[in-house]
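Residue-level listing of the chains:
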Amino acid sequence: MPTLQKGGGGGWPMPTVLKIHGGNPLKGTIEISGAKNSALPLMVACLLTDKPLTLTNVPNLADIRTIAQLLGLLGVECIEKGDMRTLNAANITSTTAPYDLVKTMRASVLVLGPLVARYGIARVSLPGGCALGARAVDVHLEGLQALGATCELEEGYIVAKAPRGLHGAHFTMRVVSVGATENLMLAASIADGQTVLRNVAREPEIVDLANCLNAMGANIQGAGTDTITIEGVKTLNGATHKVIPDRLETGSYAIASLITGGDVTLTNTSLECLPMVRETLEKAGAVFEDSANGFRVYQNGPIHGVDVMTEPYPGFATDLQAPFMALMGICEGAAMITETIFENRFMHVPELARMGANIQVHGASAMVRGIKHLSGAPVMATDIRASIGLVIAGLAAKGDTTISRLYHLDRGYENLEAKLQACGAVIERHRVDA
């Protein structure tokens, strides 16, 4: 991992670039890390109890350090040992999540529900993170209001109050939101009475959070479906819980194997969490061989163009759209890629075009016409998944690719260079003059 400037998880990385000499097929084994998007709400769950919560298989990422620093500011004691984090929120000293940390990572808003549920008040800065569009927190607030909280915006902060505690309610989300589903699950776990959440997210990370909360003594049913029922309990206990494998890292490395004409075995993971991705990649020419602890992935002949549309789970994940677009850049034929989740998620298109990709954007869709090979070029990352898309493109490109703004990449991919180097990639991080 890169050295961070003084300031911990919320600081910016030292100025570095990633240099890739493309053209080497990836061959070997990659162990998949724990899911960042699961670990973040799981760490926040510690706020619901005064007993220790121990999580294992936690990835070592910038976002994990940021949420740990935020929890520390609230008074949570966090003990780190390898991939294990033990969090104790017995002595909370603040219910304010400040702008300086929340602005760097959208998942910070997840402290809102637990704080107002347990302490009756929360003051959380409006969140930041990747520049993927509005992604308003309205659904979070509407749900908390249904549970009895008052929510107001004061000087850039969300102030939620429930001095008499939260109560159960029936709430239907007007749009499916993973973050809002998590926030409301957390809050409703210790609300008074039954809560029924409808039109909720169904991602594996939602199921993982429900399993952890249930291990802590919550009563949650229906996670993984579009309706979740929660019977509130007065208090939660501590627990030990293992974070699920990262399905987005899994999909990214599977695509990396394919684009390089490689043969890679991914361990500590499963394709069950990527049903539509597996189906799509098989249509493009991928071969998957399942095993007890993972799977092997390689291509059977040339990569073919396949149209995709991003959708909420179990549809094709928006977080794998950029890597898939890189793959389609060298396909035989063409592919239409339609983005339905985030309005600004084509910012990697100009960077792929610098590498020779033939892509035309028409509103929410991008037409990708495959070319024989991509060419190395200096490019700039714009968000976490665009970053890995550019890495994947660079692995297949002829010549050298230099990727800047690596702090995005470091938020979502643990030990990326080491994992790829072990499979034959020529990839190194270099410090540059500030």
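In the block above lies the structure referred to throughout.
Residues numbered from 1 in each chain as written. Predicted model: local features only at pLDDT ≥ 70, side-chain atom pairs only at ≥ 80, totals over all residues. Heavy atoms only, no water.

Observations regarding the pairing of strand β9 (residues 157-161)
Then step 1. Burial of β9 is extensive: four of the five residues sit out of reach of the surface.
Then step 2. Taken together, the five bridges between strand β7 (residues 121-125) and β9 define a ladder with antiparallel strand orientation. Note on β9: the bridge partner recorded for Val124 is Ile158.
Then step 3. Sheet topology note: the strand β8 (residues 150-154)/β9 ladder contains five bridges and is antiparallel. Looking across to β9, one finds that Glu152 is bridged to Val159.
Then step 4. Between β8 and β9, which pair antiparallel and follow one another directly, the connecting turn spans two residues, one of which, Glu155, has a positive phi of 55 degrees. (Buried < 20%, exposed > 50% of the residue type's maximum accessible area, 1.4 Å probe, protein only. Helix = DSSP H or I, 4+ residues; strand = E, 2+ residues; numbered from the N terminus. Pairing = 2+ DSSP bridges.)

Points about the pattern of salt bridges
Then step 1. Counted under the stated rule, the structure contains 16 salt bridges.
Then step 2. Its salt-bridge partner being Lys283, residue Glu279 comes within 3.6 Å of it at the nearest N-O pair. With Glu279 and Lys283 both in helix α9 (residues 275-284) and four residues apart, the pair spans about one turn of that helix.
Then step 3. Note on Lys283: relative accessible area 52%, which makes it exposed. (Salt bridge = Lys/Arg side-chain N within 4 Å of Asp/Glu carboxyl O.)

Describing the packing of helix α1 (residues 36-44) against helix α2 (residues 62-74)
Then step 1. At a minimum axis separation of 10 Å, α1 and α2 run at an interaxial angle of 10 degrees. By the criterion of interaxial angle, the relationship of α1 to α2 is roughly parallel. Here Lys36, Ala39, Leu40, Met43 and Val44 of α1 lie close against α2, whose contacting residues are Asp63, Ile64, Ile67, Ala68 and Leu71.
Then step 2. Tallied by class, residues from the contact of α1 with α2 come to eight nonpolar, no polar and two charged. (Axes fitted to C-alpha atoms, helices over the stretch in contact; angles between N-to-C directions. Parallel < 35°, antiparallel > 145°, perpendicular 65-115°, else oblique. Contact = heavy atoms within 4.5 Å. Nonpolar A, V, L, I, M, F, W, Y, C, P; charged D, E, K, R; others polar.)

Some details on the packing of aromatic side chains
Then step 1. Counting across every chain of the model gives two aromatic pairs.
Then step 2. Measuring from centroid to centroid gives 5.6 Å for Phe288 and Phe295, while their planes differ by 65 degrees, and the two rings are edge-to-face. Residues Phe288 and Phe295 agree in their burial class; the two are buried.
Then step 3. Judged by centre distance (5.3 Å) and plane angle (65 degrees), the rings of Phe316 and Phe324 are edge-to-face. (Phe/Tyr/Trp six-rings, centres within 6.5 Å; stacked < 30°, edge-to-face > 60°.)

Comments concerning the sheet that holds strand β24 (residues 426-431)
Then step 1. With mixed pairing, four strands are arranged side by side in an open sheet as β22-β23-β1-β24. Sheet topology places β22 (378-380) and β24 at the edges, where each strand pairs with a single neighbour. Taking each pair of neighbouring strands and ignoring which way they run, the sheet shows an average axis angle of 25 degrees.
Then step 2. Looking at chain direction, β22 and strand β23 (residues 400-404) are connected through three bridges and run parallel. Among the inter-strand pairings, Val379 is bridged to a residue of β23, identified as Ile403.
Then step 3. Along the sheet, helix α12 (residues 384-396) makes contact with β1 (16-21), β22, β23 and β24, crossing β1 at roughly 35 degrees.

Some thoughts on the sheet that holds strand β5 (residues 84-88)
Then step 1. Taken in spatial order, the four strands line up as β4-β5-β3-β14 in an open sheet, and their pairing is mixed. Each of the sheet's edge strands pairs with one partner strand only, and the pair in question is β4 (77-81) and β14 (239-242). Strand after strand, the sheet turns through a mean of 15 degrees between neighbouring axes, direction not considered.
Then step 2. Looking at chain direction, β4 and β5 are connected through five bridges and run antiparallel. Bridge pairing links Cys78 to Leu87 in β5.
Then step 3. Strands in contact with helix α7 (residues 204-215) are β3 (53-56) and β14; relative to β14, the strand with the most contacts, it is inclined by about 160 degrees.

A closer look at α2
Then step 1. Helix length check: α2 (13 residues) gives 19 Å between terminal C-alpha atoms against 18 Å at 1.5 Å per residue, within 8%.
Then step 2. Taken as a whole, α2 has its buried residues at Ala62, Asp63, Ile64, Thr66, Ile67, Leu70, Leu71 and Leu74.
Then step 3. Just downstream of α2 lies Gly75, where phi reads positive at about 110 degrees. (Expected span 1.5 Å × (residues − 1).)

Let's talk about empty space enclosed by the protein
Then step 1. Inspection of the entire model under this criterion finds one cavity of 30 Å³ or more.
Then step 2. Estimated volume of the largest cavity: approximately 40 Å³.
Then step 3. In terms of lining, the largest cavity is formed by Ser33, Gly34, Pro59, Leu61, Asp246, Glu249, Gly412, Tyr413 and Glu414.
Then step 4. Among the residues making up the lining of the largest cavity, the classes are represented as three nonpolar, three polar and three charged. (1 Å grid on protein atoms, 1.4 Å probe; cavity = no way out; pocket = protein on both sides within 12 Å on 5 of 7 lines; lining within 4 Å. Points joined across faces, edges and corners; volume = space filled by probe spheres on them.)

Regarding the nonpolar core
Soluble globular proteins tend to pack their nonpolar side chains together in the buried interior.
Then step 1. Counting 75 residues, the largest nonpolar core has Leu47, Leu71, Val111, Leu144, Leu166, Met185 and Leu213 as its most contacted members.
Then step 2. For this core, the leading source of residues is helix α6 (residues 178-188), giving six residues.
Then step 3. Those residues within four positions of Val111 in sequence are excluded, and the remaining contacts are Val44, Leu47, Leu70, Leu71, Leu74, Ala97 and Val124.
Then step 4. Formed by 69 residues, the second largest nonpolar core is a distinct cluster that contains Leu281, Ala284, Ala317 and Cys331. (Core = buried A, V, L, I, M, F, W, Y, C linked by side-chain atoms within 4.5 Å.)

A word on the environment of Asn358
Then step 1. When you line up the elements, Asn358 lands in strand β20 (residues 358-362).
Then step 2. A residue is classified by how much of its surface remains accessible, and Asn358, at 28% relative accessible area, is partly exposed.
Then step 3. Non-local contacts of Asn358, meaning those with residues more than four positions away in its chain, are made with Met367, Val368, Arg369 and Ile371.

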